[in-house]
Each structure stands twice: as structure tokens, then as C-alpha cells.
Amino acid sequence: MFTREQVQEAMKDLGYRYFEKGDFNVNVIGIRNSSTGNRVTNRFDDWMTISFKENGVWKFYSYACTTDNGDGTARLVPQQYGGCYIVRKHRGLYDALCQDREVKVYRDFNLKDGTYDESKIYTDAAGINIHMAGEDSTFVNNWSEGCQVFKRKKDFLEFMSFVKKAMELYGNRFTYTLIESKNIKA
């Protein structure tokens, strides 16, 4: 697993913003498992992190998730997406962080070959949200068609409690950053 300091250093090395001023000024950072390469694993083998200060003290949480699709065709390109997400209903069902501005994705029209195609980047993606799967899901399957998806419902609900606290203080606009685990120094 990674520490907050390691993630912060990776963000700095990549030239991305890391929010340090004020309580609950959240850093929402997904970490794609680089060891899987371009293989389709259909597993929750990535991490979603959130870090922020509370009463001036750093807090850091890391959750099992997927940043890869299970059977869809969109795969979010690793980069920082400033202010691209807002809290609203995912598929009209429950509050989640939902895409509100353009993001970049790879599209793979032949997932049957077991690898992701990253030869072309598209900006036509809609609904690349950050949401939950089931109570404690094993396989991604159709939980993600490009979304960033939490493995466990309880983890997602805890994560959203921090997001909602940040929303009360700073408004309903969030930055999401996706990085690769290979960018994090041991």
C-alpha cells in the first residue's frame, strides 16, 4: 500500500496540483495498478485515495477499486481532471462523484482479446463517474464501462462523507487525478 506522502510526491513529480490549504480540501486520487499492464483483469486491483486536513492534521484513506472497465469500452486516461466532477445521482439512484466536464478516454472496441487498446485518445466520453459496486464485489463485470468503481459499498459511503463535507465548505466542484502505481516511489 502507499502512504499519503508517497502519493503527494508522485503528484508533485507529475506536475499535478495537490491541495494543502484548509480543512477538507480533498485530494481525490485514483491509482491504477501498473503491474497488470494492458491486460483485462476484471478485478478490483486498483486504489482510490482521498487525503485532506482535518483540524490541521492530515488524513489519508485508501480503498480497493477499479479504474478499468469490466466489459465496457472506455478506459480513463491517467491525468489530472481539474474541476471535472460534481456530486449528483449516479444513474438517478444515489449520490456519487459524476463527470460534469470533458475527460479523456481510450476506447477498446475488441475487449475479447484480453488487452486494452491505448492507441487513440477520445474526448467523447460521458458518464465516467466515481461510484460503488455492490456490498463487497469480486468481479468488475458491468459495474464499470469506464467508471472508477469502489469494490465495497461501506468504503464508498465513507469516501462520500468526506466529499460532502468538502462540498459544504468549497462548493460542488471536484478535481480527480488518475495516476499509475509505477509513478509512486517506494
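Refer to the structure above for everything that follows.
This is a predicted model, so every value here is computed, not measured.

Asker: Describe the packing of aromatic side chains, and please don't skip the residues or the numbers.
Answerer: The tally for this structure, following the rule as stated, stands at 14 aromatic pairs. An angle of 50° between the planes, with centres 4.9 Å apart, marks the rings of Phe52 and Phe162 as tilted. Residue Phe52 is located in strand β2 (residues 46–54), and its partner Phe162 is located in helix α2 (residues 153–170); the two are separated by 110 residues in the primary sequence. For Phe52, a relative accessible area of 0% puts it in the buried group. The class for Phe162 is buried, based on a relative accessible area of 11%. Following the ring pairs from residue to residue traces out a cluster consisting of Phe24, Phe52, Tyr61, Tyr63, Tyr94, Phe150, Phe156, Phe159 and Phe162. Its end group placed over the ring of Trp58, Arg4 keeps NZ or CZ at 4.1 Å from the ring centre. Here Lys165 stacks its cationic end above the ring of Phe24, 5.8 Å away from the centre of that ring.

Asker: Give me the layout of surface pockets: which residues, what numbers.
Answerer: In this approach a probe as big as a water molecule rolls over the atoms, and the regions it shows empty are the leftover space. Estimates place the volume of the largest pocket at around 250 Å³. Taken together, 16 residues line the largest pocket, and the ones lying closest to its centre are His90, Arg91, His131, Asn142 and Trp143. Looking at the lining of the largest pocket, its residues break down into seven nonpolar, seven polar and two charged. Estimates place the volume of the second largest pocket at around 160 Å³. Lining the second largest pocket are Phe19, Phe24, Asn25, Val26, Ala166, Tyr170, Gly171, Arg173, Phe174 and Thr175.

Asker: Could you give an account of the nonpolar core, naming the residues involved and the relevant values?
Answerer: Counting residues in each nonpolar core, the largest one holds 36 residues, and the members touching the most others are Tyr85 and Phe159. At six residues, the largest contribution of residues to this core is made by α2. Phe2, Val7, Ala10 and Tyr18 belong to the second largest nonpolar core, which has ten residues in total.

Asker: Requested: an account of helix α1 (residues 4–14), with residues and values cited.
Answerer: Inspection of α1 places Arg4, Gln6, Val7, Gln8, Ala10 and Met11 among the buried residues, and these make up the whole buried set. In this structure, the buried side of α1 is in contact with β1 (27–32), β2, β3 (57–66), β5 (80–90) and β11 (174–180). Positive phi shows up at Gly15, right after α1, with a value of about 80°.

Asker: I'd love a proper account of the pairing of β11, names of residues and values included.
Answerer: Within β11, seven of the seven residues are buried, which leaves it mostly tucked inside the rest of the structure. Residues of β11 alternate between two faces, with Phe174, Tyr176, Leu178 and Glu180 on one and Thr175, Thr177 and Ile179 on the opposite face, all of them buried. As judged from the three bridges shared by β5 and β11, these two strands associate in the antiparallel manner. Bridging from a neighbouring strand, Gln80 pairs with Thr177 of β11.

Asker: Help me get a handle on the pattern of salt bridges, residues and values and all.
Answerer: Per the stated rule, a full pass over the model turns up 16 salt bridges. In this structure, Asp95 engages Lys89 in a salt bridge whose closest nitrogen and oxygen atoms are separated by 3.3 Å. A salt bridge links Lys154 to Asp155; the nearest nitrogen and oxygen atoms lie 3.3 Å apart. Through salt bridges with shared partners, a single network forms among Asp136, Lys151, Arg152, Lys154 and Asp155.

Rules behind the numbers
- Residues numbered from 1 in each chain as written.
- Predicted model: local features only at pLDDT ≥ 70, side-chain atom pairs only at ≥ 80, totals over all residues.
- Heavy atoms only, no water.
- Phe/Tyr/Trp six-rings, centres within 6.5 Å; stacked < 30°, edge-to-face > 60°.
- Helix = DSSP H or I, 4+ residues; strand = E, 2+ residues; numbered from the N terminus.
- Buried < 20%, exposed > 50% of the residue type's maximum accessible area, 1.4 Å probe, protein only.
- Lys NZ or Arg CZ within 6 Å of the ring centre and 35° of its normal.
- 1 Å grid on protein atoms, 1.4 Å probe; cavity = no way out; pocket = protein on both sides within 12 Å on 5 of 7 lines; lining within 4 Å.
- Points joined across faces, edges and corners; volume = space filled by probe spheres on them.
- Nonpolar A, V, L, I, M, F, W, Y, C, P; charged D, E, K, R; others polar.
- Core = buried A, V, L, I, M, F, W, Y, C linked by side-chain atoms within 4.5 Å.
- Contact = heavy atoms within 4.5 Å.
- Pairing = 2+ DSSP bridges.
- Salt bridge = Lys/Arg side-chain N within 4 Å of Asp/Glu carboxyl O.

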